[in-house]
Amino acid sequence: MRQPQTVKALEELGRVRLSKSFFMREFLYSEISQIEGIPNIPNDPELAIAAGKNLCEKVLEPLQDQLGRIGIRSAYRSADVNAKGAENKNQYSCASNEKNYAGHIWDVRDSKGYMGATTCIVVTSFIPYYERTGDWTALAWWIHDHIPAYASMTFFPKYAAFNISWHENPNYTKYIYSYVKNPHTDKTGYLTNQEMDNFSGSHLQAYEEFIQDLRS
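In this text, all values refer to a predicted model and were calculated from it rather than measured experimentally. (Residues numbered from 1 in each chain as written. Predicted model: local features only at pLDDT ≥ 70, side-chain atom pairs only at ≥ 80, totals over all residues. Heavy atoms only, no water.)

### Things to note about the overall build of the protein chain
Now for step 1: The number of helices and strands found in the protein chain is eight helices and six strands.
Now for step 2: For 216 residues, the compact-globule formula gives about 17 Å, and the C-alpha radius of gyration of the protein chain, at 17 Å, lands near that figure.
Now for step 3: Taking the principal axes of its C-alpha atoms as reference, the protein chain extends roughly 50 × 35 × 35 Å.
Now for step 4: With 216 residues in all, the protein chain has 49% of them scored as buried.
Now for step 5: The long-range share in the protein chain, meaning contacts at least 24 apart out of those at least 6 apart in sequence, stands at 63%.
Now for step 6: With an accessible surface of roughly 11400 Å², the protein chain has 46% of that area assigned to carbon and sulfur atoms.
Now for step 7: Across the protein chain, the centroid of the 22 positively charged side chains sits 3 Å from that of the 25 negatively charged ones. (Helix = DSSP H or I, 4+ residues; strand = E, 2+ residues; numbered from the N terminus. Rg over C-alpha atoms; globule rule 2.2 N^0.38 Å. Buried < 20%, exposed > 50% of the residue type's maximum accessible area, 1.4 Å probe, protein only. Contact = heavy atoms within 4.5 Å. Areas by Shrake-Rupley, 256 points an atom, 1.4 Å probe, with all protein chains shown as cover. Lys, Arg positive; Asp, Glu negative; His and termini not counted. Charge placed at Lys NZ, Arg CZ, Asp CG, Glu CD.)

Structure (structure tokens):
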């Protein structure tokens, strides 16, 4: 598949089914693209589709199956859109293109030749618990224990939205990071990574109350 140059071709790309619940179109919307007038269209649609299918089938579908509807806040960015977002000292909170290859830029492999994909999502069933407790770590630990294919998560304040990634590299250093203070430590930064003592084992205690609320 070539980069779409017509409305019909872009419609066809948008109709590509990435998994049982998700289509390519919902991952192409970008506020940067809309305001700056830069098309958010993959240069390499086949690579973007392949990376997106892995993200959807291995991470988003099992998450949605167990916790309910996922809202997509942002996802794929073309290299041009991401570069605009990273201009002027990160004006739209985008990391550099080099850091986003195989991340938000689905259609470019990383420096080691691996593909990957990132999307920012909201788990709507988690919002009431988060608004009541301020504890984003419950969701983070639940995903860590139940969705083994995730590569990384980064949490943000509004609705406990977070970037979640899939990555092809089997040696990718998995981590959970947050710009929101951990209510248990009053610190931002890493909740866990593969070098930390809390990475392994069950973390049921951290999310047990959330799951009970969800089932009630």
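### What to know about the nonpolar core
Now for step 1: Counting 49 residues, the largest nonpolar core has Leu60, Leu63, Trp106, Ile143 and Phe162 as its most contacted members.
Now for step 2: Only helix 3 (45–67), strand 2 (116–123), helix 6 (127–133), helix 7 (137–146), strand 3 (152–155), strand 4 (162–167), strand 5 (175–182) and helix 8 (204–215) provide two or more residues apiece to this core.
Now for step 3: Per element, the largest residue contribution to this core is ten residues, and it comes from helix 3.
Now for step 4: Leaving out residues up to four positions away in the same chain, leucine 63 has contacts with Gly68, Ile70, Ile121, Val123, Trp142, Ile143, Ile147 and Phe162. (Core = buried A, V, L, I, M, F, W, Y, C linked by side-chain atoms within 4.5 Å.)

### Some words on the packing of helix 3 against helix 7
Now for step 1: Look at helix 3 against helix 7: their axes get within 11 Å of each other, and the N-to-C directions meet at 120°. Regarding the angle of helix 3 to helix 7, the classification is oblique. Two packed elements cross with a definite hand, and for helix 3 against helix 7 that hand is right-handed. From helix 3, Leu63, Gln66 and Leu67 reach across to helix 7, where they touch Leu139, Trp142, Ile143 and His146.
Now for step 2: Residue composition of the contact of helix 3 with helix 7, grouped by class: five nonpolar, two polar and no charged. (Axes fitted to C-alpha atoms, helices over the stretch in contact; angles between N-to-C directions. Parallel < 35°, antiparallel > 145°, perpendicular 65-115°, else oblique. Left-handed = near helix turned anticlockwise from the far one by under 90°. Nonpolar A, V, L, I, M, F, W, Y, C, P; charged D, E, K, R; others polar.)

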